[in-house]
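Listed below, chain by chain, are the residues.
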Amino acid sequence: MNIVLENKDNRQALLKIELKKEDYTEKVSNELKKLQRKAQMPGFRPGKVPMGIVNKMYGKTVKADEINKILIDEIYNYLKEKEIEILGNPLPDQEAAESIDWDSQSDFNFIYEIGLAPQVNIDFSSNIEVEFPKIVVEDQTVDSYINDICRRQGTLINPEAAEPDDVLFGEFAELAQPDTLKPGGHTHKARLLIEYVSDDNLRQKLIGITVGQHIDFNLIDAIKNEAEVASMLGIKKEELGNYNPDFRFTIEKISRIEPANLDQALYDKVFPNAGITDEEEFRKAVANQISLKYQVDGDKHFRNEVMKTLIKRASLELPETFLKKWIVASNKGEYTPERIEQEFPKLADSFRWQLIENHLVKTYNIQVNEEEVNGHLAEYIRNQFRQYGQQELEQPVVDNFVQRIKNNKEELKKVYDNLADQKLMTLFKEKLKLKVVEFSFDDFVKFVTEKYQAEQVSE
């Protein structure tokens, strides 16, 4: 066997492979023998079909399959040995392939097109500046979060008179006409949340109502959502037309969440083992928690800016003609010539970014080990259970959940990719020159939206 690399232009090349009969005969013979042992044909005992018949039936197909396997192995071994980086996969020359006579030929010449990957050279020491949005948490946002925390950690009470945030429980009874219950009319007990009542006048009438009182109103007008109305009446949405929308609601119970006090018990419950002892420290902890949540979006924007900056800085020339042909061949029927031309600029940048990312991973030895995966998953499991009030799980329970996730190959790959991405993000923040710009969350959303829309127009 002989392989020759012939460079063309625009980072494209040809691999010319000369295959002799002795390169594939043994493998073809071994495969035919396997088929002979399995072959069944009338007039012959199982496994005793003559090789001549087996060869006549399967010889050409087996020869083509085995030669194809040899070609794939040898091409990638050659590329690895010569340290040749490519984009996409080698494409066989169709004209040369169609001229092969599998019946009579014993020696073959194959031609493959390849796209050569450009060399990446990114030097972070050159002070590459990238905009980094820092989301500043405003006091009113902290206040809102603390109010929500106090409500979620509060105590359920049953007052006599209703307030705006209360939940009313009682019976709905169908009316025949104003102030008159319908004989044998539909009744159903359900909850009514005052804050979800759309009719402002009705909502004001419900505030201050007491247990035992009733109020008549049109449910459709009050709620403005037929699915919710049907649920409150215990019927199907399509059955609403069978009933008068006017109902009497008699209050049987009022439920209210009495917010928890800002005290040591709350601090310890929300942030266990954090050593928080006063309201100021609690507010800082809440603000930090919000900031981490908001900064996820800020980091996404930062990563996009890093991608655009490094792609521009690297200035990588791609084998465009080859890549367009490879994309069309790899996605049969999906790309027309017009579509590939329209979408190629974005596809090209995805290739460039993959090259840059691979270069950084190799240069800075970014790896994710099993211990890191186990630790990440264990913390994820504990956080999930903390949301339901279970603060501490026994280690065997955590280990069991971790192993169940790791048994799912797709989920495990996502974890590895996520951790590797986090390490890249840390690298960017450490090595790049950050141009920090502070935003409130609302201003950041507005900024990103307007920037994205402007970029769409420019494209």
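Up top you'll find the structure we're talking about.
Parameters and conventions
Residues numbered from 1 in each chain as written. Predicted model: local features only at pLDDT ≥ 70, side-chain atom pairs only at ≥ 80, totals over all residues. Heavy atoms only, no water. Helix = DSSP H or I, 4+ residues; strand = E, 2+ residues; numbered from the N terminus. Expected span 1.5 Å × (residues − 1). Bend = angle between axes of the 7 residues up to and from the residue. Buried < 20%, exposed > 50% of the residue type's maximum accessible area, 1.4 Å probe, protein only. Contact = heavy atoms within 4.5 Å. Patch = residues over 30% accessible without salt bridge, like charges linked within 9 Å, V, L, I, M, F, W, Y side chains within 5 Å. Areas by Shrake-Rupley, 256 points an atom, 1.4 Å probe, with all protein chains shown as cover. Salt bridge = Lys/Arg side-chain N within 4 Å of Asp/Glu carboxyl O. Lys, Arg positive; Asp, Glu negative; His and termini not counted. Charge placed at Lys NZ, Arg CZ, Asp CG, Glu CD. Phe/Tyr/Trp six-rings, centres within 6.5 Å; stacked < 30°, edge-to-face > 60°. Lys NZ or Arg CZ within 6 Å of the ring centre and 35° of its normal. Pairing = 2+ DSSP bridges. Axes fitted to C-alpha atoms, helices over the stretch in contact; angles between N-to-C directions. Core = buried A, V, L, I, M, F, W, Y, C linked by side-chain atoms within 4.5 Å.

Caption draft 1: Just helix H2 (residues 51–81), in detail. Counted at 1.5 Å a residue, the expected span for H2 with its 31 residues is 45 Å, but the 38 Å between its end C-alpha atoms falls short. Along H2, the largest kink reaches about 60° and is centred on Tyr58. Along H2, the residues that are buried comprise Val54, Gly59, Val62, Lys63, Glu66, Ile67, Ile70, Leu71, Ile75, Tyr78 and Leu79. On its buried face, H2 is in contact with strand E1 (2–7), strand E2 (12–19), helix H1 (21–38), strand E3 (86–92) and strand E4 (108–116).

Caption draft 2: Layout of a negative patch on the surface. A grouping of Glu138, Asp139, Asp442 and Asp443 is seen on the molecular surface, where their side chains present a negatively charged patch. With respect to the secondary-structure elements, Asp442 resides in helix H15 (residues 441–458). Overall, Asp442 belongs to the exposed group, its relative accessible area being 57%.

Caption draft 3: Region of interest: the packing of aromatic side chains. Enumeration according to the criterion identifies 15 aromatic pairs in this entry. Three or more aromatic residues link up through ring pairs in this structure, and these residues are Tyr24, Trp102, Phe108 and Phe110. When the ring centre of Phe169 is taken as origin, the NZ or CZ atom of Lys253, which lies over that ring, is 6.0 Å away. The aromatic ring of Tyr335 is capped on one face by Arg339, whose charged end is 4.2 Å from the ring centroid.

Caption draft 4: How the structure looks around the sheet that holds E4. Pairing is antiparallel across the open sheet formed by four strands, whose spatial order is E1-E2-E4-E3. On the outer flanks of this sheet lie E1 and E3, each paired with one strand and no other. Ignoring which end each strand starts from, the neighbouring axes of this sheet average 20° apart. Across six bridges, the pairing between E1 and E2 is antiparallel. Within E2, the position partnered with Asn7 by the bridge is Ala13.

Caption draft 5: A look at the nonpolar core. One finds Phe124, Leu310, Ile356 and Phe428 to be the most contacted residues of the largest nonpolar core, which totals 35 residues. When contributions to this core are tallied by element, the ones reaching two or more residues are E3, strand E5 (129–135), helix H9 (279–314), helix H10 (320–330), helix H11 (337–363) and helix H14 (409–431). For this core, the element with the most residues is H11, which contributes eight residues. Aside from chain neighbours lying at most four places away, what touches Phe124 is Leu310, Leu360, Tyr364, Leu427, Phe428, Lys431 and Leu432. Membership of the second largest hydrophobic core comes to 26 residues, among which are Val49, Val54, Leu71 and Phe108.

Caption draft 6: Representation of the environment of Glu22 in the model. As for its placement among the helices and strands, Glu22 is situated in helix H1. Classification of Glu22 by relative accessible area gives exposed; the value is 64%. Here the alpha-carbon distance between Glu22 and Arg256, two residues 234 residues apart in the chain, equals 86 Å.

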